[in-house]
Amino acid sequence: MSMPAVLRGRLSLPVIASPMFIVSGPDLVIEECKAGIVGSFPALNARPQGLLTEWLSRIERELKAHEDATGKPTAPYAVNQICHVSNDRLMDDVATCEKHKVPVIITSLRAPKEVVQRVHDWGGIVLHDVINVRHAQKALEDGVDGLILVCAGAGGHAGTLSPFALVREVRSFYDGTIVLSGAISDGASILAALAMGADLAYMGTRFIASKEANAAPAYKQMLIDSAASDIVYTSLFTGVHGNYLKPSIAAAGLDPNKLPESDPSKMNFGSGGNTDAKAWRDIWGSGQGIGTIKDAPPVGELVARLKAEFDAARASLGGKAA
């Protein structure tokens with residue numbers, strides 16, 4: 001197994017907080033990095049495009065101030081680039097990240113060689129989202145530095161494979177960095193990800209229910225009130241299958257149990273989706289691990305809790321294994 005050099009000695013937990021459309025912004029990323037986990041956001045969240053420079057400058061400024069005040073390193077931050085034909089900002093956003101020498105770029109949908117090479121030229125690393133072995137092998141051919149395995153139960157655009165299946169199959173041909181996504185919402189789940197062979201856990205939904213997340217109070221409360229049975233897997237809203245909260249679909253006037261399929265060719269990240277009710281503005285994404293979410297605390301408090309849960313699970317596992 002492998003931990004990227006840029007992360008070594010800088011994490012309190014082996015966790016990347018995943019980039020979430022609308023939800024992830026500077027407030028959330030800064031607090032995640034201060035707490036010792038990788039904070040990330042989609043470049044497309046900074047609208048208009050010129051706002052991306054302001055966000056990166058603020059994140060860098062505040063993290064440096066925290067390091068100077070505490071004498072301790074913060075976790076690095078990451079920017080997500082949606083590499084899809086509908087994203088006409090892609091290369092402009094990559095150029096902005098190049099000026100700031102962003103340490104970690106997360107690519108989604110595809111990992112074009114030209115983006116990977118640009119990131120490597122400025123000394124950054126590329127982690128790429130995949131949902132199956134074919135995508136993983138293609139991304140490695142394009143030169144990515146690590147794979148994010150988006151398995152069944154993950155929030156947003158998720159795959160259908162069990163992590164037990166996908167991690168072990170990918171490990172049969174790849175000994176580099178693996179980040180695991182899929183219903184990971186507490187410290188015990190983070191430990192389980194490592195036990196299966198991942199290097200890092202990828203957590204999104206748990207951080208929507210936090211003080212600093214840019215999510216509507218009703219969204220956070222819906223996560224607290226819901227369970228795995230309240231999740232529906234559908235392609236209707238973006239053209240690609242994803243996991244969404246049934247109550248938010250019902251609130252938009254649709255029957256979550258009778259949703260039609262959508263044409264993947266209609267996927268468009270600029271328009272926000274294929275229906276009047278937009279993902280992620282109206283139709284709220286969520287992973288299946290929401291049964292453990294009971295509050296929306298500040299990120300610092302949440303990460304400290306996850307660390308305590310992780311340590312307790314490790315101690316308990318030691319006894320069970322013996």
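Quick note: structure is the one above.
The present account deals with the structure reproduced in this document. (Residues numbered from 1 in each chain as written. Predicted model: local features only at pLDDT ≥ 70, side-chain atom pairs only at ≥ 80, totals over all residues. Heavy atoms only, no water.)

## Regarding the overall build of the protein
Which entries qualify depends on this criterion: Secondary structure elements follow DSSP: runs of H or I no shorter than four residues count as helices, runs of E no shorter than two count as strands, and numbering proceeds from the N terminus. The quantity called the radius of gyration is restricted to C-alpha atoms. Its globule counterpart is 2.2 Å times the number of residues to the power 0.38. Classification of residues uses two cut-offs on accessible area relative to the type maximum, computed with a 1.4 Å probe and protein chains only: under 20% is buried, over 50% is exposed, and between them is partly exposed. A 1.4 Å probe and the Shrake-Rupley method give the accessible areas. Residues count as covered only by the protein chains that appear here.
Counting secondary structure elements, the protein contains 11 helices and 10 strands. Compactness check: the protein gives a C-alpha radius of gyration of 18 Å against a globular reference of 20 Å for 322 residues, within 12% of the reference. The dimensions of the protein, computed from C-alpha atoms along their principal axes, are 50 × 50 × 40 Å. Expressed as a percentage of its 322 residues, the buried residues of the protein come to 54%. Carbon and sulfur atoms form 54% of the exposed surface of the protein, whose accessible area is close to 13400 Å².

## Considerations on the environment of Ala111
As a reminder, the rule being used: Between two residues, a contact is recorded if the distance between any of their heavy atoms is within 4.5 Å.
Of note, Ala111 is situated in the loop between strand 4 (104–108) and helix 4 (113–121). With a relative accessible area of 3%, Ala111 lands in the buried category. In sequence terms Ala111 and Val38 are 73 residues apart; their C-alpha atoms lie 20 Å from each other. Once residues within four sequence positions are removed from consideration, Ala111 is found in contact with Val116, His128, Asp142 and Val144.

## Considerations on the pattern of salt bridges
What counts, and what does not: Within this document, salt bridges are pairs made up of a side-chain nitrogen of Lys or Arg and a carboxyl oxygen of Asp or Glu, the two lying within 4 Å of each other.
Within this structure, the stated rule accounts for 14 salt bridges. The structure contains a network of salt bridges with shared partners spanning Arg206, Asp295, Glu301 and Arg305.

## Considering the packing of aromatic side chains
Which entries qualify depends on this criterion: Two rings from Phe, Tyr or Trp (for Trp, the six-membered ring) form a pair when their centres are within 6.5 Å of each other. A pair whose planes differ by under 30 degrees is stacked, one over 60 is edge-to-face, and the rest are tilted.
This structure, assessed with the given rule, holds 3 aromatic pairs. Relative to Trp55, the ring of Phe41 lies with its centre 5.4 Å away and its plane at 65°, an arrangement referred to as edge-to-face. In this pair, Phe41 is assigned in strand 2 (residues 39–42) and Trp55 in helix 2 (residues 51–70), connecting sequence segments 14 residues apart. Like Phe41, the residue Trp55 is buried in the burial classification. With centroids separated by 5.4 Å and ring planes inclined at 75°, the aromatic side chains of Phe237 and Tyr244 adopt a geometry described as edge-to-face. Of the two residues, Phe237 and Tyr244, both sit in the buried class.

## With respect to the nonpolar core
The nonpolar side chains of a soluble globular protein tend to be buried, and buried together. Quick reminder of the rule: Only buried residues count toward a nonpolar core. Its members are Ala, Val, Leu, Ile, Met, Phe, Trp, Tyr and Cys residues joined through side-chain atoms within 4.5 Å.
Leu149 and Phe207 are the most contacted members of the largest nonpolar core, which totals 76 residues. It is helix 11 (residues 299–321) that provides the largest number of residues to this core, a total of 6 residues. Ignoring sequence-local partners within four residues, the contact set of Leu149 consists of Val130, Leu166, Val167, Val170, Ile178, Val179, Leu180 and Ser181. Among the nonpolar cores identified, the runner-up in size contains 15 residues, and Val38, Leu127, Ile148 and Val179 belong to it.

## With respect to the side chain of Asp93
In this fold, Asp93 is placed in helix 3 (residues 90–100). Given a relative accessible area of 0%, Asp93 falls into the buried group. Among residues more than four places away in sequence, those in contact with Asp93 are Ala43, Leu44, Gln49, Leu52 and Gln81.

## Describing the sheet that holds strand 1 (residues 15–17)
The line we're drawing: If DSSP finds at least two bridges between two strands, the strands pair. In this description, a line fitted to the C-alpha atoms serves as the axis of each element, helices being fitted only across the stretch in contact, and the angle between N-to-C directions of two axes falls anywhere from 0 to 180 degrees.
Strand order in this open sheet of 8 strands is 1-8-7-6-5-4-3-2, and the pairing throughout is parallel. In this open sheet, the two strands that pair with only one neighbour each are strand 1 and strand 2. For this sheet the average axis-to-axis angle between neighbouring strands, irrespective of direction, equals 25°. Sheet topology note: the strand 4/strand 5 (residues 125–130) ladder contains 4 bridges and is parallel. Bridge pairing in strand 5 places Val104 opposite Ile125.

## Observations concerning the pairing of strand 7 (residues 177–181)
Condition: The path from the first strand over the helix to the second decides the hand: if it runs clockwise while the strands point away from the viewer, the crossover is right-handed.
When you tally the buried positions in strand 7, you get 5 out of 5 residues, the bulk of the element. Side-chain alternation along strand 7 places Thr177, Val179 and Ser181 on one buried face and Ile178 and Leu180 on a second face that is also buried. Looking at chain direction, strand 6 (residues 146–150) and strand 7 are connected through 5 bridges and run parallel. Each residue of the ladder has a partner; that of Ile148, found in strand 7, is Val179. In this fold, the crossover linking strand 6 to strand 7 by way of helix 6 (residues 163–171) has right-handed handedness. By the bridge criterion, 3 bridges tie strand 7 to strand 8 (residues 200–203) in an arrangement that is parallel. Counted as the bridge partner of Ser181 is Tyr202 from strand 8. In this view, the connection linking strand 7 to its parallel neighbour strand 8 by way of helix 7 (residues 187–196) has right-handed handedness.

## A closer look at the environment of Gly159
When you line up the elements, Gly159 lands in the loop between strand 6 and helix 6. Distance in space between the C-alpha atoms of Gly159 and Gly182 is 8.8 Å, their sequence separation being 23 residues.

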